[in-house]
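Observations on the three-dimensional arrangement
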Amino acid sequence: MGEQDIDPSIAALLSEAEKSKPEDIPDIKTVEKGAGNSSSAAKNRSAGTIDFSSRNIHDVDLSVREFKPEGKLLNDVPSAVFDDKSYYKTALSGENEAAQRVHVQFSKYLTCQDPKDRTVYRQNIISAYWELLRGMAPKTGNVSMPLPKRMLIRFGVLLPSLFKPEQKLFFSKIIVENQTGEPILYMDEWFKEILSGRMKPSMTDEPAHTHKIVKNNDDAALAEQSRLAQLQSKNSGKLQSAENMLTMKEHEREMLEVELKRLIDEICTHQQCLGLEPHKEAYTESQKREFSEISEKMHTLSRNDKELAKDLKEYQEAKAVYDSVENKLSEGPELVEMNTGDLKTEFDTVRQMAKMTVGRQGNQFPIFTREFYHCTEDGTGSRENVLEVLRWIESIDPGAFCRIHKNIPNRIIPYILLVPTYGDRGFCWQPFDRYNLVTSRGRIIIPMYPRDLRIAVLTAVADLRWQVAKEKASYYWMEEGLTGQYYQFIDRQKIKGDLRQFFIEDYILWMTKESTGVQRLDKEVRGIFWRNMPFPKALKEDLRKRSLVYDELCIKDNNREMSDGY
């Protein structure tokens, strides 16, 4: 698309951005190099070694118990990408008919005075924009992709002059690279991870189709590789779970041995008999009491040893299977890195999910404009802001991201996709991988421009909690656990409607109101949540001082602990 093709009215809008110092920025490396000058760590990083995608986000580390301490939310120095006088032209160039269609409809939308015609153009832009993104998605795997194209996919920014000055400054300071180490991805990063094969496509209800291309074109070998890859995914969860169990037993043994050594040292220490040196006193009463304590510790150590031996055997077997499959995979045909077949399927899934964050009656307009953007800086769904909300959620609901396996809670943060929509609700569309129920990440989606970011993230986490609990209870989800207790309450009340939606709304009240001592839930629902999604002990103690309602719940907790039924 040449400059002569740009409508004069759009050129006038662009002139607002051109008042700033124009600067062409060809790709991510240049921008990261410039933005990184504000930190000493970035100064030591060469542009050529920067990996735009998140690093090490696909490996689940079960030893991590909380999010990392809060880091920088914004860069100190703004990027100049939105001051680039060629931004609009660069974003659309090389995208063929889809770009031309967006350009035509967008020009008419911006210049139209008739509200009815404007509504028509607005609707046309929606379908044209997503077709444009469909063609751009396969290019996200190229680190040299011009940054205006990335910003278009990531933030929906097509025309920087549609920013207010303070909005442009804020977006220019958003950190481009994932420095959090968490699996929180913008849409362009999501597509890149799918393309590279580092991340599997989302599960759908349709039969899976394999589109991978192999270098030797051997279909039979490809089918075998696909089967082995699925088996490896399943084995990976078993191996990690087995190692986690083994590590816990080893830690328990270590603590028992330390305590045992302390007790033995105490009973082997004797006082001198005064006047009868070098003879020493007999065992004291406290030392005699420690005999039985040592005996109990020995019994516990013996039980631990049996369990440890069993866990060690399971780990050895899981590792042997994992290594065997790994060797077979390495001997098989090598897959081409760029997996465009999976990307096409994933793109359709993401488009549908993005639409669902807005809802049927919501604003589906896909392009950033100050006309529709009404968020504060803290309320915008940038990676760092979403992480802050997740940190707050986990501080109140420590089990929000935990899945129970063999009575052990495994903390597993889901993949989080940030989409530039004006929606208000996040949700979970995949609680875990069907081939690895133990340690695979679920998938949730968060709209970036909601009216209330905290509520948007809470709806997604509530949905994740519901689906994980339901899958855990399996066929008995209406009878057992969190979902069973909640279902029975709703059924007794004869309330009709979407059960999951009722749960999500009550979870929001639980987190925003009940956690502060403001009673908004039904007494029975409060009890269900108190038992199944307990607050931290310190918060419970604080709440019991505020109201007899919470004090009674704490007393029930103590009674359950005493009866060993908690």
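This text gives an overview of the structure that appears in the document.

Conventions used here
- Residues numbered from 1 in each chain as written.
- Predicted model: local features only at pLDDT ≥ 70, side-chain atom pairs only at ≥ 80, totals over all residues.
- Heavy atoms only, no water.
- Helix = DSSP H or I, 4+ residues; strand = E, 2+ residues; numbered from the N terminus.
- Contact = heavy atoms within 4.5 Å.
- Areas by Shrake-Rupley, 256 points an atom, 1.4 Å probe, with all protein chains shown as cover.
- Pairing = 2+ DSSP bridges.
- Axes fitted to C-alpha atoms, helices over the stretch in contact; angles between N-to-C directions.
- Phe/Tyr/Trp six-rings, centres within 6.5 Å; stacked < 30°, edge-to-face > 60°.
- Buried < 20%, exposed > 50% of the residue type's maximum accessible area, 1.4 Å probe, protein only.

**Considerations on the overall build of the chain**
- Broken down by element type, the chain carries 19 helices and six strands.
- Expressed as a percentage of contacts within the chain between residues at least 6 apart in sequence, the contacts between residues at least 24 apart total 77%.
- Working note: accessible area of the chain is about 29300 Å², and carbon and sulfur atoms make up 50% of it.

**Comments concerning the sheet that holds strand β4 (residues 415–419)**
- Taken in spatial order, the four strands make up an open sheet running β1-β4-β6-β5, and their pairing is mixed. With partners counted over all chains shown, the strands left at the sheet margins are β1 (184–186) and β5 (427–430), one partner each. Going from strand to strand, the sheet's axes swing by 30° on average, the running direction of each strand aside.
- Examined bridge by bridge, β1 and β4 share three bridges and lie parallel to one another. Bridging from a neighbouring strand, Ile184 pairs with Ile416 of β4.
- Helix-sheet contacts for helix α13 (residues 383–396) involve β1, β4 and β6 (443–447), and the interaxial angle to β1 is about 150°.

**Focus on the packing of aromatic side chains**
- Taken as a whole and assessed by the stated rule, the structure comprises 36 aromatic pairs.
- Summarising the aromatic geometry, the rings of Phe67 and Phe401 are spaced 6.1 Å apart at their centres and angled 80° between planes, so their arrangement reads as edge-to-face. Taken together, the residues Phe67 in the loop between α3 (40–43) and α4 (87–92) and Phe401 in the loop between α13 and β2 (402–405) connect sequence positions 334 residues apart. Of the two residues, Phe67 and Phe401, neither departs from the other in class, the shared state being buried.

**So, unusual backbone geometry**
- A cis amide bond, omega 10°, links Glu277 with the succeeding residue Pro278.
- Locating Pro278 in the fold gives a position in the loop between α10 (219–267) and α11 (285–331).
- At Asn96, a position not held by glycine, the phi torsion is positive, near 60°.

**What about the pairing of β4?**
- With five of five residues buried, β4 lies mostly within the body of the structure.
- Side-chain alternation along β4 places Tyr415, Leu417 and Val419 on one buried face and Ile416 and Leu418 on a second face that is also buried.
- Where β4 and β6 come together, five bridges link them in parallel fashion. When the bridges of β6 are listed, Ile416 appears paired with Ile444.

Interpretation in functional terms is not warranted from these geometric data alone.
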